[in-house]
Amino acid sequence: MKSLWNDREASEHGDDPLGLRVYTSRLLGREPDLVLHGGGNTSVKTTTTDLFGHAHRVIYVKGSGWDLETIEAPGFAPVRLDVLLSMAALEQLDDADMVRAQRAAMLDPDAPSPSVEAILHALIPFEYVDHTHADAVVSVTNTPTGEEAIRDIYGERMWVVPYVMPGFALARTVYTMTRERDWAECDGIILMNHGAFTFADDAKSSYEKMIDLVSRAEAYLSRTHPARISPVPPPEDLEALAAIRRSVGVARGEAVLARWDADPASVGFAELEDVAELATRGPLTPDHVIRTKRTALVVGDDPAADVEAYVESYRDYFQRNATEGLTCLDPAPRWAVWPGRGTICFGRSPKEARIVADIKDHTIRAIQHAEALGGWTALPERDVFDVEYWVLEQAKLARSGPPPQLAGKIALVTGAASGIGLACAHELLSLGAVVGAIDVDPEVVHLMDSDAWVGIECDVADDVATAEAVKTVVRQYGGLDIIIDNVGFFPKSGTIEEIEPEAWDRSMAVNLTSHQRLWKECIPFLRLGAEPAVVVIASKNVPAPGPGAAAYSVAKAGLTQLARVAALELGEAGIRVNVLHPDKVYDTALWTSEVLEERAAHYGVSVDEYKTRNVLRTEVSSRDVAALACAMAGPLFAKTTGAQIAVDGGDVRVI
Ligand code: ZN
């Protein structure tokens, strides 16, 4: 591991202790082999002066909720050093009381809560303290001869602390162990199964000691054989993937995304002969448990039975370890080994699944290193349980608040690059769903820079391209729950006598036939979806046709009939199919002011009157249509299928 220290960058902070603390914290945060997603913490001790001119010794310690990679000065909480040192001398302190006392000792009431390791940072008599959960160090400690190996690598000047629960217990252990010792004889501290501390009176030395410490563990590991890499991509089975996702969602009681990783390292791990046993020994370090649970799911030929067995074994684990007053968390796995095919990570959002995947990537590598060193040895389940059910860890998850209504749902929108389709896609994203957006316009690919969006250029009249588009969405997110089938176009007006055969055929192909072809591809996945729903954007022209638009109206009427038959055929599988009839919406690029003025003049009314020619005298926007379409795909319409609903401000010809 290389030091990323740069004199020029560092000099921008002059001799400001907090500025330099931010700088080297970010250097640590940039290296995922050191800290992952909120892991690790850092501090600096300094003297500040209050309003009254009184000087105080304070420690600025990383606040919870901040990530070292992106931390800024306000991410550090200033805490009175004397208070933390007095707390270390207490025989006992409840962790919740510790957090309250730490907050009460802050010099800035608006700062975030100090890290649960604040007391330990305070105890170390150097200005800068760096703490990471470095993969290499933890991999060495998670072996039967870990402690010997650590002493071998580092010698006398590295102090070793056996595993203790983080928080007050760990601070207290370090306090007792070091009270009689001379810190001048110490280069750093290794916490077994947890991580490492380094420290110095300047930012650079403390940071570079960490890099040196980790490099030595990496050098030791490099003697072992590297993790297995699969040379060939695995075969695809998207229906099996969707079935696994469904079972996990049922166990969790809420829809989840399933991120299939088929990269060489994930497949290599999944090809190991003893993978089922290796993946269920325990996590890399206990603080991963709130993200990954203690063990992985191992799926075989019957995913539903495998998930059921996982749930049962999780409940047993809870029973064995729970103390009074604890409630069992949801028993669903957070990641799975799919033998021969790779790994699957579950989350209610792409970000949650990515965090699990990052931790998984580091874990599967560490497992293989530790195996080569004599055997992957995770902590006893009791220690892992204590962290999983630790109030301070659960508080981290609770901070993110309740998930949005369609979190974990996978939607497909056709005609998604503009107008009603784009409005539907926006609405779905804002409700927490991920969106597979299909459009003939290539713009759709780059319309949104979000991992909740996969844009696919596709002409729905091309059956092969449509089938591939559906697969792309399932491959990306693990299944399919919602279709908002909006694609359509308005052919050139003309009476039945006037319509050219090509114009008629194209309208039938896009406005009618393409929908049947799309559904045919989607239905096998919808059968495996979470509360699956199809919403068809038809047209006001179905209940109220007008002259000169036969090619459009007939196709949309056929589409409506197709949806009614689908509602009958798919109801048994719990798939709802409903139809929405919008009137024209005028807030799209199609309706330029010239076109609007021309149409208004044609009817001898003003543009405003033209746009509000309905019973309610109101203009219907594409957002109004999208809001109703998403509601029809959501829980409000859970018991409605085969319905046709207008969003047109009220039409006298329909009412
Ligand atoms: Zn830690």
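Residues numbered from 1 in each chain as written. Predicted model: local features only at pLDDT ≥ 70, side-chain atom pairs only at ≥ 80, totals over all residues. Heavy atoms only, no water.

Examining a nonpolar patch on the surface
Thought 1: Together, V615, L616, V652 and I655 give the surface a local cluster of nonpolar side chains, amounting to about 470 Å² of exposed area.
Thought 2: Within the element layout of this structure, V615 appears in the loop between helix 23 (607-611) and helix 24 (622-633).
Thought 3: Under the relative-accessibility criterion, V615 is labelled partly exposed at 43%. (Patch = residues over 30% accessible without salt bridge, like charges linked within 9 Å, V, L, I, M, F, W, Y side chains within 5 Å. Areas by Shrake-Rupley, 256 points an atom, 1.4 Å probe, with all protein chains shown as cover. Salt bridge = Lys/Arg side-chain N within 4 Å of Asp/Glu carboxyl O. Helix = DSSP H or I, 4+ residues; strand = E, 2+ residues; numbered from the N terminus. Buried < 20%, exposed > 50% of the residue type's maximum accessible area, 1.4 Å probe, protein only.)

Considering the packing of aromatic side chains
Thought 1: Applying the stated criterion across every chain, the model contains 15 aromatic pairs.
Thought 2: Centre to centre, the rings of Y317 and F385 are 5.4 Å apart; their planes meet at 75°, and the pair counts as edge-to-face. Of this pair, Y317 sits in helix 14 (residues 303-321) while F385 sits in helix 16 (residues 381-388), placing them 68 residues apart in sequence. In this structure, Y317 and F385 share a single accessibility class: buried.
Thought 3: An aromatic cluster of three or more residues is present, and its members are Y314, Y317, F318, F385 and Y389. (Phe/Tyr/Trp six-rings, centres within 6.5 Å; stacked < 30°, edge-to-face > 60°.)

Some thoughts on the coordination of the zinc ion
Thought 1: Those protein atoms acting as donors to the zinc ion are H131 (NE2), H133 (NE2) and H194 (NE2), and they sit at 2.1 to 2.2 Å.
Thought 2: Within one chain, the residues serving as donors to the zinc ion are arranged as H-x1-H-x60-H. (Donors = N, O, S within 2.8 Å, 3.2 Å for Na, K, Ca; no water.)

Observations regarding the sheet that holds strand 18 (residues 644-647)
Thought 1: The strand order across the open sheet formed by seven strands is 14-13-12-15-16-17-18, and the pairing between neighbours is parallel. A single partner strand is all that each edge strand has here, and the edge strands are strand 14 (453-457) and strand 18. Neighbour-to-neighbour, the strand axes of this sheet turn through a mean angle of 15°, independent of strand direction.
Thought 2: Two elements, strand 15 (residues 482-485) and strand 16 (residues 533-537), share four bridges in a ladder whose sense is parallel. (Pairing = 2+ DSSP bridges. Axes fitted to C-alpha atoms, helices over the stretch in contact; angles between N-to-C directions.)

Description of the side chain of R294
Thought 1: Looking at where R294 falls in the secondary structure, it is placed in the loop between helix 13 (289-292) and strand 9 (297-298).
Thought 2: Excluding its chain neighbours within four sequence positions, the residues that come into contact with R294 are T280, R281, G282, P283, V289, Y317, E381 and V384. (Contact = heavy atoms within 4.5 Å.)

Some thoughts on the pairing of strand 1 (residues 41-49)
Thought 1: In terms of burial, strand 1 is a largely internal element, seven of the nine residues being buried.
Thought 2: Pairing of strand 1 with strand 4 (residues 128-132) involves four bridges; the strand directions are antiparallel. Within strand 4, the residue paired with S43 across the bridge is V129.
Thought 3: What sits between the antiparallel neighbours strand 1 and strand 2 (residues 55-62) is a turn of five residues, in which G53 has the positive phi angle 85°.

Some details on the nonpolar core
Thought 1: With 57 residues, the main nonpolar core has I344, L412, L480 and W519 as its most contacted residues.
Thought 2: Apart from the residues lying within four places of it in its own chain, the contact partners of I344 are L241, I244, A258, R259, W260, R334, W335, A336 and W338.
Thought 3: M98, A105, Y317 and V387 belong to the second largest nonpolar core, which has 48 residues in total. (Core = buried A, V, L, I, M, F, W, Y, C linked by side-chain atoms within 4.5 Å.)

As for the packing of helix 19 (residues 463-477) against helix 20 (residues 501-526)
Thought 1: Two numbers describe how helix 19 lies on helix 20: the axes approach to 9 Å, and their chain directions differ by 30°. When the axes of helix 19 and helix 20 are compared, the pair comes out roughly parallel. Note on packing geometry: the crossing formed by helix 19 with helix 20 is right-handed. Here D463, T466, A467, V470 and V474 of helix 19 lie close against helix 20, whose contacting residues are R517, L518, E521, C522 and F525.
Thought 2: Per-class residue counts for the contact of helix 19 with helix 20 are six nonpolar, one polar and three charged. (Parallel < 35°, antiparallel > 145°, perpendicular 65-115°, else oblique. Left-handed = near helix turned anticlockwise from the far one by under 90°. Nonpolar A, V, L, I, M, F, W, Y, C, P; charged D, E, K, R; others polar.)

Notes on the pattern of salt bridges
Thought 1: This structure, assessed with the given rule, holds 34 salt bridges.
Thought 2: Between E371 and R281 there is a salt bridge, and its shortest N-O distance comes to 3.0 Å. Taken together, the residues E371 in helix 15 (residues 350-372) and R281 in the loop between helix 12 (275-278) and helix 13 connect sequence positions 90 residues apart.
Thought 3: Residue E371 is classed as partly exposed on the basis of its relative accessible area, which comes to 28%.
Thought 4: For R281, a relative accessible area of 24% translates into the label partly exposed.
Thought 5: E619 is paired through a salt bridge with K611; the nearest N and O atoms lie 3.7 Å apart.

By themselves these figures say nothing about function.
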